[in-house]
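Here is what each chain is made of, one letter per residue.
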Amino acid sequence: MPLTLAQQALDQVAQRWPEVRFTTAFSCRLRGELDLGAFREAIEELVDRHDALRLRVTRPATGPAVQEFREPPACAEALRYQRVAPTSPERFTAFADRRAALDAIRPWDLATAPPFRFRLLRHEPGHHAFLATLSLHAADDAARRILLRELWSGYRRRVAGLAAPARPPAGSFAEAVAARTWEASAGAEAGTIARGQASGPGDPCR
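Here we summarise the structure given alongside this text.

## A short note on the environment of Arg80
Within the fold, Arg80 resides in strand S4 (residues 80-83). The partly exposed category is assigned to Arg80, whose relative accessible area is 44%. Sequence-wise, Arg80 and Arg117 are 37 residues apart; in three dimensions their C-alpha atoms are separated by 7.9 Å. With residues near it in sequence (within four places) discarded, Arg80 still touches Phe118, Arg119 and Leu120.

Next comes the structure, spelled out in C-alpha cells:
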C-alpha cells in the first residue's frame, strides 16, 4: 500500500538528504525492582497491538516506496537487554546517554528492521535505563507518549497479576492507509494509534 502524505514528505527529504534522521526518542532511569519477564511481555503486547510498530517500507525497482506490515518480531528483537557495569551511577548515566544518542543517529532500514528500538540497560538490580527510539514513519511525538503510557500500564498490570482489561482494539494504521483516511499532517499516525486506547496510570519517566 502507498505511504501516507506525511510519510511521503519524510521519504522525499530522506532521498535528497540521506544523512537526515527522522526519529522521536525517549529515555528514563528506572529505580527499584524491575520484573524483566513482565517488562518483556508488556513490550510484546504493545508491538502486537499496534500495527504501526510492525511497519515495513520497501522501494520497488520502479515507482514510489510502499509499505506493508510484518508479523511481530521475536522477543529478543523487540527488546534489547544489556547488563553494563560502570564504576558509578554517574558513569552508567553517561553510558546510557551515549547509547541513546547512537540509537537516535543510526540510519533506519525499514525494509529489514522494525521502526522502533527498545533497549533496557541494567546497572544493578534496582537501577535500569530504558531507551525508546522510533522512526517518524511509524509514530510522532504524540504517538510516542501514548505508546509509552500503554507500556507502563501493561507492565504494572502484569506485576500485579491482573487480567488485561476489556477494551476495543487499537485503531489500525494499515486500515487507515488502505481506506485513504489519513490526514495530511504528521499527527495522522498518532491519531490512528490513539483510537481505542484506555486511559491508564502515567508512566514513571515523566
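Past the structure itself, the notes keep going.
## Side note on the sheet that holds strand S5 (residues 116-124)
Within the open sheet, the four strands sit side by side as S1-S6-S5-S4. Their pairing is mixed. Every other strand in the sheet has two partners, leaving strand S1 (23-31) and S4 as the edge strands with one partner each. Between one strand axis and the next, the sheet turns by 15 degrees as a mean value, whatever way the strands run. Examined bridge by bridge, S5 and strand S6 (residues 127-135) share eight bridges and lie antiparallel to one another. From the neighbouring strand, Arg122 faces S6, where its bridge partner is His128. Against the sheet, helix H5 (residues 141-159) contacts S1 and S6, and its axis sits at roughly 30 degrees relative to S1.

## Brief notes about the side chain of Arg157
Positionally, Arg157 belongs in helix H5. Taking the relative accessible area as the measure of exposure, Arg157 reaches 9% and is therefore buried. When sequence neighbours within four positions are dropped, the list of residues in contact with Arg157 reads Glu45, Leu162, Ala163, Ala164 and Pro165.

Cut-offs used in this document
Residues numbered from 1 in each chain as written. Predicted model: local features only at pLDDT ≥ 70, side-chain atom pairs only at ≥ 80, totals over all residues. Heavy atoms only, no water. Helix = DSSP H or I, 4+ residues; strand = E, 2+ residues; numbered from the N terminus. Buried < 20%, exposed > 50% of the residue type's maximum accessible area, 1.4 Å probe, protein only. Contact = heavy atoms within 4.5 Å. Pairing = 2+ DSSP bridges. Axes fitted to C-alpha atoms, helices over the stretch in contact; angles between N-to-C directions.

Without other data, these values stay purely geometric and don't point to any function.
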